[in-house]
Amino acid sequence: MTPKKASVFQRALFLGFLCLQFFSMSPSSDVVLVQLDKLQAAKLSPDLLADIKGLQELQSSWIAEIPRSLLTTLSGRGVACGVLDEAPAGKAYFLVFTPQPGQADILKKFGNAIVLEERTCLFWSGAEEARDILPSYFEIKRLSLEDGIPLSFEKIRPKGRLPERLEIPRAAADPLISQMVSQVSKANLTNYISNLQNFQTRYASTANCESSGTYLYNYFTQLGLACEYDPFSFSQSGYSSRNVVATILGKTSPDREVIICAHYDSYSNQKMTLAPGADDNGSGTAAVMEIARIFAGQAFDFTLKFICFSAEEWGLYGSQHYARTAKNQGEKIIGVINMDMVAFTDRLPPDLEVYVNSRSEWLAGRYIQAANTYAPLRMEEVIDASADWSDHSSFWDEDYSALCSIEEASDRNPYYHKTTDTLDKLNMDFAVSVTKASLAAAAELAQPIGTLAAPTGLQAHSQISSSLFSSIKTVYLGWNVSPGSINGYNIYRSTTSHSGYHKVNSALVSQTSFVDRYLSPDVFYYYVVTAVDAQGRESNYSTEVRDDEDNKKTYS
Amino acid sequence: MMKTIKKHIPEPSSFFILIFLGMSLLFQATLCSQTAGGTPRFAISAAAGIFRPGQGSFRGLYGSTQVPLHVQIQFRFLKGWAVFAGFRYAEASGKTLIVGPQYVEESHTIKFSMSSIRLGVQYSLAAGRVRLFVGAGASYNLYKEKWEDAGLSTEGKRTGLLADAGAEYLFSRWFSIFIRGEYSTIPTGQGAALEKKVDLGGIEGVIGISFKF
């Protein structure tokens, strides 16, 4: 090789090396993390939406992962699309809820932070766990990049408290539920919180947290409930912990579940040694324990699950694991009642806030109505899809209906995430009221079985008849004959799942079938059936069915 | 529950502009006829035909063919050129169709009717007793569909376009028979589960008689 050729060869080699360095250092990747405006994205075609991997729904926007090539297309369609991170692979993202708006600057001292909404920020610092590095007063939720959520734009509505003080007329009380509500014991609740506080810390990843899980397991088992651990691992360090799940199997439709839950792990500025977490969330856990005690031995139409989640304080890891598994296994969860901090108040009378997203509004309605009927207390319903700071949010992500009941003063609880969050700071009368309200709502959803059995085997088929300019939906219902001396059946219909039922039949239906005609083809209808005996007593609702529930089974 | 639905579609003002233009043309033609002599300039005709809707959903509901009735008045304003104004009426009965999964074989009796006012221009070529013609025009259509057992009813008013071609045989100076083939389109912009946007047009074969004066 001549010296000239050798020089050219060396230069080419050097250039090649430089190119290699450039591409290996380039932060660009095939996908980017973006924030999409909900209202604008709702107008996108299904083809485009299929390319967008939803990660987190917020009140007015979606956090999503999209192919880089889609950025130009979205911009061309007028969809506001803010790029949050150009290279999301390998990073651990967290939603961080700041106590006050405009605290992103504090977060930026610890890593990258972008304000998503008023008090919601996206935070990441490489692959580090936010809980390991952020101050204790921030609430966090891990944002998983693994499983996408189908983008949903149903019922986009502004965040709000509706109305300021809900006035729902009292419904007729079920004596069975009244009797159960009356059993809620202040002494028991106090005792449970005291026991939980005595573990010193329940910070997930500590041995004490696992011991408190074992305490809960033993408690549920002693009540005679079927109980199991739901183990999972979390964080880059590979910690493991366990949710504790106790079950009362439903008698009529065991495949439908009502979940009452709370997280039992705790956190403080001395998390490894002292995190009593009496209010956060010994109070919620104690309420779950007390409701389980009262429900044990009772028979319900639907299955009841009492779940104590772990690693909530790390970013909702426990509930994310549970909800995702439930979704993958096709579990039919009617509703989730999550209690998180339900015993502190700095004013009297205390207020309870009930947080829901728009898809769970019906559940808040049922909760508030049940509370008004059996255990009145001051409540506010808050519709806010960005309220992702507790375990209910993991169920929202999987498209289940869930609510979170929480003390109104939670933002101002001076002992929040501190070693001083102890039993002596709590208002146990308030804890009793919340426990009663949650018990009543759970009982109404799961339906304690009275003297008359609810009809079973309800099936619905629907078909649409059309002319040139009009179409109607006809729904054909059928169910099994109820045992005993039954005078007839009532059929109830609603356009909202699990709430707002109206009786369809004018007289008792003597057959076990019913045809509901002249319905709008653009609306889904939900049906339940009750049995009525000779004394005029009416059974619980049957399992709810959607009008086309059995179409697929018949025609597939 | 959906019991009675009545849909009224706003009347298109453009059609009245067409009517105004047509009337002006006829008025001008009448003035011309007063000064002309010889062959008759006016003709009045009655006809019946077989109409085949263009959309399959329309045929599926009301059958492949309908029998419309026509009356028409025509004025020849230049050699070979004429304007016409006419009225068409058609009605049909049918059964609703199931869209999507069918659980029970069940249908509802439905009735459809449409009245149309039509204006247009025609050009003809005469060869002895035979005259061939082509024409084009616009129509203003009032339609109604009713579910006999459900109280559902939809009414609408829409303009459309039409084109025709045919042949006429003159038995005498005053009397002739004719056949005519016609294509029409009447987009309604409305629809239901079966068809999102219904077009009430189609093709039509007509036979009729004509008196000239």
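Keep in mind that this is a model prediction, so the values were computed, not measured.

Trainee: Help me out: how do you make sense of the interface of chain B and chain A in this one?
Mentor: When the parts come together, some accessible area is lost, and that loss is often what is quoted as the size of the interface. Contacts between the two partners involve 34 residues from chain B, matched on the other side by 20 residues from chain A. For the side of chain B that touches chain A, the elements supplying multiple residues, two or more each, are α2 (56-62), β5 (97-99), β6 (109-127) and β7 (130-147) of chain B. Classifying every residue of the side of chain B that touches chain A by side-chain character gives 20 nonpolar, nine polar and five charged.

Trainee: Even after reading the chapter, I still don't get unusual backbone geometry, so can you show me in this structure?
Mentor: Comment: phi is negative for the bulk of residues other than glycine, and the bulk of peptide bonds are trans. Residues and elements named next belong to chain A. A cis geometry characterises the amide bond from D280 onward to N281, with omega recorded as 0°. One can find N281 in helix α10 (residues 278-295). Located in the positive-phi region is Q447, a residue other than glycine, with phi close to 60°. Position of Q447 among the secondary structure elements: in the loop between α14 (428-446) and β18 (459-466). Residue classification places Q447 among the buried residues on the basis of 26 C-beta atoms within 10 Å.

Trainee: For this particular structure, what's the right way to read the packing of helix α8 (residues 186-197) of chain A against α10(A)?
Mentor: Two quantities define a packed helix pair, namely the angle between the helix axes and the distance between the axes. All names here are of chain A. Where α8 meets α10, the axes come as close as 8 Å, and the angle between the chain directions of the two elements is 130°. Looking at the two axes, α8 sits oblique to α10. The two elements α8 and α10 meet at a crossing, and its hand is right-handed. Counting all contacts with α8, which are made through N188, L189, Y192, I193, L196 and Q197, the residues of α10 involved are A278, G282, S283, T285, A286, A287, M289, E290 and R293. Classifying every residue of the contact of α8 with α10 gives eight nonpolar, five polar and two charged.

Trainee: Would you mind going over the environment of D301(A) with me for this structure?
Mentor: Residue and element names in this part refer to chain A. Take D301: it is sitting in the loop between α10 and β13 (302-309). Taking the C-beta count within 10 Å as the criterion, D301 has 24 such neighbours and is therefore assigned buried. Sequence separation between D301 and C121 is 180 residues, and the spatial gap between their C-alpha atoms is 42 Å. In this structure D301 touches G250, K251, T252, S253, A446, Q447, I449, A454 and N540, once residues within four positions along its chain are discounted.

Trainee: Looking at this structure, how should I read the domain arrangement of chain A?
Mentor: Split into domains, chain A comes out as domain 1 (31-143), domain 2 (186-230 + 239-446) and domain 3 (459-555). Centre-to-centre separation of domain 1 of chain A and domain 3 of chain A, based on C-alpha positions: 43 Å.

Trainee: Explain the sheet that holds strand β5 (residues 93-97) of chain A here, please?
Mentor: Strands belonging to one sheet form pairs held by backbone hydrogen bonds; the direction of such a pair is parallel or antiparallel. All names here are of chain A. Pairing is antiparallel across the open sheet formed by four strands, whose spatial order is β6-β7-β5-β8. Edge positions in the sheet fall to β6 (112-117) and β8 (139-143), since each of these pairs with one other strand and no more. Each strand axis lies, on average, 30° off the axis of its neighbour in the sheet, ignoring direction. In this structure, β5 lies alongside strand β7 (residues 120-124), joined through five bridges in antiparallel fashion. Counted as the bridge partner of F94 is F123 from β7.

Trainee: Is there a simple way to explain the sheet that holds strand β1 (residues 31-37) of chain A in this structure?
Mentor: All names here are of chain A. Strand order in the open sheet formed by four strands is β2-β3-β1-β4, with antiparallel pairing between adjacent strands. This sheet does not close on itself; its edge strands, each paired only once, are β2 (53-57) and β4 (81-85). Going from strand to strand, the sheet's axes swing by 30° on average, the running direction of each strand aside. In this sheet, strand β3 (residues 61-67) lies alongside β2 in antiparallel orientation, the contact comprising four bridges. Its bridge partner lying in β3, G54 is registered against A64.

Trainee: Sorry if this is basic, but what is going on with the environment of Y267(A) here?
Mentor: Residues and elements named next belong to chain A. As for its position among the elements, Y267 is in the loop between β12 (253-263) and α10. Judged by local crowding, Y267 falls into the buried class, with 25 C-beta atoms found within 10 Å. Distance from Y267 to Q222, taken between C-alpha atoms, is 28 Å for residues 45 residues apart in sequence. If sequence neighbours within four positions are ignored, Y267 has contacts with S136, Y203, A275, G277, E313 and H417.

Here is what the cut-offs are and how they apply
- Residues numbered from 1 in each chain as written.
- Chains lettered and ligands numbered in written order.
- Predicted model: local features only at pLDDT ≥ 70, side-chain atom pairs only at ≥ 80, totals over all residues.
- Contact = placed C-beta atoms within 7 Å.
- Helix = DSSP H or I, 4+ residues; strand = E, 2+ residues; numbered from the N terminus.
- Nonpolar A, V, L, I, M, F, W, Y, C, P; charged D, E, K, R; others polar.
- Buried ≥ 20, exposed ≤ 12 C-beta atoms within 10 Å, placed from the backbone.
- Axes fitted to C-alpha atoms, helices over the stretch in contact; angles between N-to-C directions.
- Parallel < 35°, antiparallel > 145°, perpendicular 65-115°, else oblique.
- Left-handed = near helix turned anticlockwise from the far one by under 90°.
- Domains from an automatic or database assignment.
- Pairing = 2+ DSSP bridges.

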